[in-house]
Amino acid sequence: MNSFIVSISSSILVLFVSILGGYSMARYSFRGKKLFLISFLATQMIPVMVILVPLFISFSHLHLLNKLPSLIITYTAMNIPFCLLTMSSFFQRIPVSLEEAALIDGCNKFQTMTKIILPIMRPGIVATLVFAFTGAWNDLFFGVMFTNSESTKTVPVGLSSFVQKFDINWGQMSAAGILSLIPVVIMFAFAQKYIVSGLTEGAVKG
């Protein structure tokens, strides 16, 4: 349940920010846009060990250690750069003429986005959502660092508890590992066609 809450919450936040940010990056030109994109790409090259101590200190001051919001904030921040760039690439593939035609027909910006753009963007939305969800669901590193009680453990942290000092409970860990795959397998089964087309069409241009 902890993994489900953290993964769903962070993936929804990532999707919301990625849609708005990706649309802005694809449709508007502003000073420093290239530098902004480069900085987003640069964040993907920073080792997680570099940001661990600052995050730990910040969450300690905010009294968020051993609480699920610390993981939600971390996974959201970690997944936004890649997902935003992916969504921006999707928006660039949609002709501006579609939006202009919708505006001429009487739609406002919000209606154009919800009735025209987002339905076309369904493969990209699903691919982004699955990427953010699996990234949060499978993470062990931050789960171990920021949670230490039974009430806040996520699935990977729970699986690591089967590794003892002098023994490894292979049977129980294998059974629990298979159970932990069920949500991800179900998600991929229902969203497979969107994921394949989404990852193919949303490749970031060089």
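Undergrad: I keep staring at the confidence of the model for the chain and nothing clicks. Help me out?
TA: A low pLDDT score tells you not to read the predicted coordinates there in detail. Model confidence for the chain is summarised by a mean pLDDT of 84, while 93% of its residues fall at 70 or above. Element-level mean pLDDT values for the chain span from 76 in helix 10 (residues 170–201) up to 91 in helix 1 (residues 2–27). Segment residues 202–206: pLDDT under 50, and 7 contacts once partners within four positions in sequence are set aside and those in other chains are kept.

Undergrad: I tried to follow the packing of aromatic side chains on my own but got confused; where do I start?
TA: Two aromatic rings are characterised by how far apart their centres lie and by the angle between their planes. Under the definition given, this model contains 9 aromatic pairs. A centroid spacing of 4.7 Å and a plane angle of 40° characterise the contact between Phe 82 and Phe 131, whose relative ring orientation is tilted. One end of the pair, Phe 82, is in helix 4 (residues 68–92); the other, Phe 131, is in helix 7 (residues 122–137), with 49 residues separating them in the sequence. Classification of Phe 82 by relative accessible area gives partly exposed; the value is 36%.

Undergrad: Any chance you could explain helix 3 (residues 48–61) here in plain terms?
TA: Three- or four-residue spacings in an α-helix give side chains the same orientation, since the helix completes a turn every 3.6 residues. The terminal C-alpha atoms of helix 3 lie 20 Å apart, and with 14 residues this matches the ideal 20 Å at 1.5 Å per residue to within 8%. Residue His 63 follows helix 3 closely and has a positive phi angle near 60°.

Undergrad: Which parts of the structure should I look at to understand a nonpolar patch on the surface?
TA: Together, Leu 179, Ile 182, Ile 186 and Phe 190 give the surface a local cluster of nonpolar side chains, amounting to about 450 Å² of exposed area. By secondary structure assignment, the location of Phe 190 is in helix 10.

Undergrad: Could you clarify how one ought to interpret the layout of surface pockets in this entry?
TA: Quantified by volume, the largest pocket comes out at close to 340 Å³. Going through the elements one at a time, helix 3, helix 4 and helix 8 (141–146) are the ones with two or more residues in the lining of the largest pocket. Counting residues per element, the lining of the largest pocket draws most heavily on helix 4, at 6 residues. Considered class by class, the residues forming the lining of the largest pocket number 10 nonpolar, 5 polar and 1 charged.

The rules behind each value
Residues numbered from 1 in each chain as written. Predicted model: local features only at pLDDT ≥ 70, side-chain atom pairs only at ≥ 80, totals over all residues. Heavy atoms only, no water. pLDDT = per-residue confidence, 0-100. Helix = DSSP H or I, 4+ residues; strand = E, 2+ residues; numbered from the N terminus. Contact = heavy atoms within 4.5 Å. Phe/Tyr/Trp six-rings, centres within 6.5 Å; stacked < 30°, edge-to-face > 60°. Buried < 20%, exposed > 50% of the residue type's maximum accessible area, 1.4 Å probe, protein only. Expected span 1.5 Å × (residues − 1). Patch = residues over 30% accessible without salt bridge, like charges linked within 9 Å, V, L, I, M, F, W, Y side chains within 5 Å. Areas by Shrake-Rupley, 256 points an atom, 1.4 Å probe, with all protein chains shown as cover. Salt bridge = Lys/Arg side-chain N within 4 Å of Asp/Glu carboxyl O. 1 Å grid on protein atoms, 1.4 Å probe; cavity = no way out; pocket = protein on both sides within 12 Å on 5 of 7 lines; lining within 4 Å. Points joined across faces, edges and corners; volume = space filled by probe spheres on them. Nonpolar A, V, L, I, M, F, W, Y, C, P; charged D, E, K, R; others polar.

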